[in-house]
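Inside the fold
Chain by chain, the residues:
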Amino acid sequence: MGRRPPLGDSHEECGARVTEFGGWTMPVRFDSIRAEHAAVREAAGKFDVSHMSELVVRGPDAAALTERLVSCAVGPLAPGEAAYGAVTDDQGVMLDDTVVYRRPDADGHPDYLLIPNAGHDTEATDRAERVRATHGLDATVENATERFGMVAVQGPDATDLVADVVTGGSDLGALDRFEATMASVADVDCWVARTGYTGEAGVEIVCPWAATAVVWDALDCPPCGLGARDTLRLEMGYLLSGEEFDPETKPRTPFEAGIDFAVDLETPFVGRDALIDATDPEKRLRGLRLLDRGVPRHGYLVLVDGDEVGHVTSGTMSPTLGDPIALAYLSRPHRAPGTDVAVEVRGDPVSARVVNTPFLDR
Amino acid sequence: MTIDYPDDLLYRDSHEWLTTDEPRRVGVSDFAQDELGDVVFVELPEPGDPLAAGDAFGVIESIKAVSDLYSPVDGEVVAANEALFDRPELVNEDPYGDGWLLKVEVATEGDLLSAEDYQGLVA
């Protein structure tokens, strides 16, 4: 058994099927992935994402440290603002991706909350401490992963649904995407952010570990598991750590992964010097839509005229589109939208077309 | 949700069922469809194709999983349920009815279990 989220018992009681993910035992589905997926696209669903890591950086040099840890611009963030960035090594290879939130100042100093992927918390903390030491910075680094629970509420009705249980203070309706605020949710003090991993409107709520159940139970919408979270993110072309990038098995830069918008080369992040001349890489992540029957899966080959030109990093039958979709790294001659390729499904080539992501208009 | 194990069917330990009356049909059990979750793709053989008991004859895929289908009989395919090509979810909705996979001509049955024994195996 892996690490258990604060809602572990509750998930068990309601019969959720669980899976090991990033070292955590997490619900993969409560009902049916298709039903959970549809709830989020059409109304709202709630996800226990307490397996995500939390790293808190604060102190006089918190900004100087955080901007070295992530590829996005940290300096311009005001309290209550957020940005998405890559975490890269000194070769520019992606180790992780994370949202960075600037929370209200603490003791007159900036306070940043980073959300590394599940199971990356120790590594992210160690790395932050190393960077701090290298540059002699004055900031504290806290691995707060087991101090916070995290619940995502996503879907067109999600923000209203959460606003209904906000018992004090903030007007969530006034938040734009990538803005956040402290709010009292069912009388629990939470950090509520207009962020998510589904392409829908909604919020992510970071709450005290022990109060996660209070927040969860107050949210009147179907619980959704990691299965639907994966199909929802894949329809948007969002990256999944371990699938689209992995420093050991799939070393990719942010430019290869297509998150150019998350890289500010004017900032001093680790990996910046290697990436400055790598902004137009040979391979880039692209979407594929299969034109015939078949379900593309991780690792399946992408072929052009029978020759291997890449492989699928993630694939599924899109519940929203009813068509098979995939992501794959493709080199320059094969990556233009509209290019005809094939995906080898159990030995047989299935026709496919290169498309831009997201697969859905959102 | 309760799982059904109709007692007029025979079962393979790999979760396929076989009718005992004509026309002989093959499908996957309620237990199997529940374990798989939403079925999104089914690959089936064509009429006339031979079947060998215990050999893979097709593939069933849910959103998360890919599983081989194993033949409960030696024999031949009479028909494949083409409705599943457009509506694979029929396997979830009605695994012993509209979600059937094949009609088969049975030469010899493989090693099959009663409903009670199958339920004892999986439940």
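Refer to the structure presented above.
Residues numbered from 1 in each chain as written. Chains lettered and ligands numbered in written order. Predicted model: local features only at pLDDT ≥ 70, side-chain atom pairs only at ≥ 80, totals over all residues. Heavy atoms only, no water.

1. What to know about a negative patch on the surface
- A cluster of acidic residues, Asp7(B), Asp8(B), Asp21(B), Glu22(B), Glu76(B) and Glu105(B), forms a negative patch at the surface.
- By the secondary structure assignment, Asp21(B) is in the loop between β2 (16-19) and β3 (25-28). (Patch = residues over 30% accessible without salt bridge, like charges linked within 9 Å, V, L, I, M, F, W, Y side chains within 5 Å. Areas by Shrake-Rupley, 256 points an atom, 1.4 Å probe, with all protein chains shown as cover. Salt bridge = Lys/Arg side-chain N within 4 Å of Asp/Glu carboxyl O. Lys, Arg positive; Asp, Glu negative; His and termini not counted. Charge placed at Lys NZ, Arg CZ, Asp CG, Glu CD. Helix = DSSP H or I, 4+ residues; strand = E, 2+ residues; numbered from the N terminus.)

2. Here's the deal with the pattern of salt bridges
- Going through the model one piece at a time under the given rule, you end up with 32 salt bridges over all chains.
- With its nearest N and O atoms 2.9 Å apart, the salt bridge here joins Asp121(A) to Arg3(A). Here Arg3(A) lies in the segment before α1 (8-13) and Asp121(A) lies in helix α4 (residues 121-135), a separation of 118 residues in the sequence.
- For Asp121(A), a relative accessible area of 5% corresponds to the buried category.
- What makes Arg3(A) partly exposed here is its relative accessible area of 26%.
- Where Asp38(B) meets Arg34(A), a salt bridge forms, and the shortest distance between an N and an O atom there is 3.9 Å. Of this pair, Asp38(B) sits in the loop between α1 (30-36) and β4 (39-43) while Arg34(A) is found in helix α2 (residues 33-42), placing the two residues in two different chains.
- Taking relative accessible area as the criterion, Asp38(B) reaches 11% and is therefore assigned buried.
- Arg34(A) gets classed as partly exposed once you look at its relative accessible area, which sits at 30%.
- Overlapping salt bridges, with partners in common, bring together Arg41(A), Glu200(A), Glu235(A) and Arg362(A) in one network. (Buried < 20%, exposed > 50% of the residue type's maximum accessible area, 1.4 Å probe, protein only.)

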